[in-house]
Amino acid sequence: DIVMVSYGSTNTSILNGIMYIFDYATTTNQPAVVNLSLGSHIGPHDGTSTFDTKLDGMVGPGRIICGAAGNEGDSKLFLQQTLTQDQTITQPLTLSHYYSYGESYYLPEIDIWGEPNKDYSIQVVITKSGSEVWSSDIFAANTTSEKTYDSFTGASGGLSIYAGKNTINKKGNVTIFYDENYGFTLNSGYVLNVRFIGTNAGTIQAWADGYECKWKNGSTNSTIGELGGTANDIITVGAWTTQSNTYSFGDATDEIAPFSSLGPTADGRVKPEITAPGDVIMSSIPDLKSIQADGKTSKKVGSKTYYWGYMSGTSMATPFVTGVVATWLQANPNLTPEQIKEIMAQTAQTDSYTGTCPNNTWGYGKIDAYAGLLKVLETTDIKHLETLPDAIMLYPNPSDG
């Protein structure tokens, strides 16, 4: 059975949607697995966000959540550096055009996190030919403050900076984001930078949005996203290429999709848990206009026209795994997230592309639905099924007894 829930623009709305599905499953006395094909890079990426802690509290026997790893595995959106006291480092960003309503905007969105109970400060700086032409105030990460700027040299639009110590993980946090109404446009020849100023700073981790905003000296590691990728008990899914053609983003068939986000999490956990087909995934669609897809086609048969579309992303790989987990739950409705991860670890396929698993590209490898199902059946009252030779089959099926 399929339950579909719409959600609003907040994490609370998403959590309410998950709760609705689990509550519905309780009324029908069924297990349930929820698919989250969404993500963000706003958050600590260490499992301590309110969303992640609430999510971890919702799962359990017969209550599973699968989430997309993210599509930024080829983007240098992650920056990590260690600052000594009073040390200052200025890091440039690479921004690209984003087209919205016929106008081009540059859209920086950056989330910065320090170590628990350590402090640092940041300053946003615009330079041209290496010389500073504009700078923001200095924001101490552990001191709650917020300011919006709407006047710049070398840029236009609006830019807001928020700072404050997180009450859950005790980490100093600074978020830089653009004005939703006016965007943030950087003029040609100017560079946007973030200046990191050490107090008793320790290691600082910073994520840009990965699409329009990247770190010039950044890394593609730890590009795993919030919501789908950082909770402790979520099943995080990466994508690999099952068909390499003119539509594919993949380098080669059977290889990881270049966009598939990489671990580890900020606290060092291996992510994703598993990978599944996610590059050029075809499906039927109702028409060619109402559905957003990477590509579409149609074919007329008699008087009727049929439509198909394809999309790529970990948002395509995740429902693949969600469906597999649903099949496993049908065999054993009481499986926990830990048991499902263990089944994946024991049955996932590995090859010359995956290398030794687990790792922060493939997790445990490529999901094997059938091998996993046989492993699940070992945990039920059906005995010795896994020892039957492959050649044995029941025929006719259904039989007359």
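Structure: see above.
Draft legend 1. Structural view of the packing of helix α4 (residues 337-347) against helix α5 (residues 369-377). Relative orientation of the contacting elements α4 and α5 amounts to 125°, with a least axis distance of 9 Å. For the element pair α4 / α5, the angle class is oblique. The two elements α4 and α5 cross, and the hand of that crossing is right-handed. For the pair α4 and α5, the contacting residues are Ile343, Gln346 and Thr347 in the first and Ala371, Gly372, Lys375 and Val376 in the second. Among the residues making up the contact of α4 with α5, the classes are represented as three nonpolar, three polar and one charged.

Draft legend 2. Quick peek at the packing of aromatic side chains. Applying the stated criterion across every chain, the model contains six aromatic pairs. Look at phenylalanine 78 and tryptophan 207: their rings are 5.1 Å apart centre to centre, the planes differ by 40°, and that puts the pair in the tilted class. Pair noted here: phenylalanine 78 is in strand β3 (residues 78-83) and tryptophan 207 is in strand β17 (residues 202-208), with a separation of 129 residues, a long-range link. Comparing phenylalanine 78 with tryptophan 207, the two get one shared label, buried. Between the aromatic rings of tryptophan 134 and tyrosine 149, the centroid separation amounts to 5.4 Å while the plane-to-plane angle is 85°, which identifies the pairing as edge-to-face. Here tryptophan 134 is found in strand β9 (residues 131-135), whereas its partner tyrosine 149 is found in strand β11 (residues 145-149), with 15 residues between them in sequence. Considered together, tryptophan 134 and tyrosine 149 belong to a single accessibility category, that of buried residues. Here the aromatic cluster, defined as three or more aromatic residues joined through ring pairs, consists of Trp134, Tyr149, Phe152 and Phe184. Of note, lysine 304 hangs over the ring of tyrosine 306, and the distance from its end group to the ring centre comes to 5.6 Å.

Draft legend 3. Broad picture of unusual backbone geometry. Each neighbour pair has its own omega, and for glycine 263 with proline 264 the value is 5°, a cis peptide bond. Position of proline 264 among the secondary structure elements: in the loop between β19 (235-240) and β20 (274-277). Going from cysteine 357 to proline 358, the amide bond is cis rather than trans, its omega being 5°. Following the sequence through the fold, proline 358 ends up in the loop between α4 and α5. Here the phi dihedral of aspartate 86 falls at roughly 70°; this positive angle occurs in a residue that is not glycine. One non-glycine residue with positive phi stands out, namely valine 280, at about 60°.

Draft legend 4. Here's a closer look at the nonpolar core. Counting residues in each nonpolar core, the largest one holds 36 residues, and the members touching the most others are Ile110, Ile112, Ile122, Ile176, Val194, Phe196 and Trp215. When near neighbours in sequence (up to four residues on either side) are disregarded, isoleucine 122 contacts Ile112, Asp137, Ile138, Phe139, Ile161, Val174, Ile176, Val194, Arg195 and Phe196. With 23 residues, the next largest nonpolar core counts Val237, Ala239, Ala276 and Val376 among its residues.

Draft legend 5. Molecular detail of the environment of phenylalanine 320. Along the chain, the position of phenylalanine 320 falls in helix α3 (residues 314-331). Take phenylalanine 320: its relative accessible area is 39%, and that puts it in the partly exposed class. When the C-alpha positions of phenylalanine 320 and valine 237 are compared, they lie 9.3 Å apart, and in sequence the two are 83 residues distant. Setting aside its immediate chain neighbours within four residues, phenylalanine 320 contacts Ala276, Pro277 and Ile367.

Draft legend 6. Looking closely at the pattern of salt bridges. Tallied over the entire structure, the rule returns nine salt bridges. Two residues, glutamate 273 and lysine 341, come together in a salt bridge whose shortest N-O distance is 3.6 Å. Separated by 68 residues along the polypeptide, glutamate 273 in the loop between β19 and β20 and lysine 341 in helix α4 bring together distant segments of the chain. In this structure lysine 341 comes out as buried when scored by relative accessible area, which is 15%. A salt bridge links glutamate 378 to lysine 375; its shortest N-O distance comes to 3.6 Å. Relative accessible area serves as the criterion here: at 25%, lysine 375 is assigned to the partly exposed category.

Draft legend 7. Geometry of the sheet that holds strand β13 (residues 159-165). Here six strands make up an open sheet; going across it, the order is β3-β17-β7-β14-β13-β11 and the pairing antiparallel. Each edge of the open sheet carries a strand with a single partner, namely β3 and β11. Shown here is a sheet whose adjacent strand axes are inclined to one another by a mean of 15°, direction ignored. Bridging between strand β7 (residues 109-116) and β17 involves four bridges; their strand directions are antiparallel. By the bridge assignment, isoleucine 112 is partnered in β17 with alanine 206.

Draft legend 8. Spotlight on α5. Within α5 the residues assigned to the buried category are Gly372, Val376 and Leu377. The buried side chains of α5 occupy one side of the element, clustering within an arc of 140° when seen end-on. At its buried positions, α5 is contacted by α3 and α4. Two or three places before tyrosine 370, at the start of α5, stands the capping residue aspartate 368, its side-chain oxygen 3.2 Å from that residue's backbone nitrogen.

Draft legend 9. Examining the pairing of β9 more closely. With four bridges connecting them, strand β8 (residues 120-128) and β9 associate as antiparallel partners. Residue pairing for β9: threonine 127 is matched across the bridge by glutamate 132. In this structure, the hairpin formed by β8 and β9 is closed by a connection of two residues, where serine 129 is found at a positive phi of approximately 55°.

Calculation rules
- Residues numbered from 1 in each chain as written.
- Predicted model: local features only at pLDDT ≥ 70, side-chain atom pairs only at ≥ 80, totals over all residues.
- Heavy atoms only, no water.
- Axes fitted to C-alpha atoms, helices over the stretch in contact; angles between N-to-C directions.
- Helix = DSSP H or I, 4+ residues; strand = E, 2+ residues; numbered from the N terminus.
- Parallel < 35°, antiparallel > 145°, perpendicular 65-115°, else oblique.
- Left-handed = near helix turned anticlockwise from the far one by under 90°.
- Contact = heavy atoms within 4.5 Å.
- Nonpolar A, V, L, I, M, F, W, Y, C, P; charged D, E, K, R; others polar.
- Phe/Tyr/Trp six-rings, centres within 6.5 Å; stacked < 30°, edge-to-face > 60°.
- Buried < 20%, exposed > 50% of the residue type's maximum accessible area, 1.4 Å probe, protein only.
- Lys NZ or Arg CZ within 6 Å of the ring centre and 35° of its normal.
- Core = buried A, V, L, I, M, F, W, Y, C linked by side-chain atoms within 4.5 Å.
- Salt bridge = Lys/Arg side-chain N within 4 Å of Asp/Glu carboxyl O.
- Pairing = 2+ DSSP bridges.
- Arc of directions from axis to C-beta.
- Polar contact = N/O pair within 3.5 Å; in protein donor to acceptor, adjacent residues only side chain to side chain.

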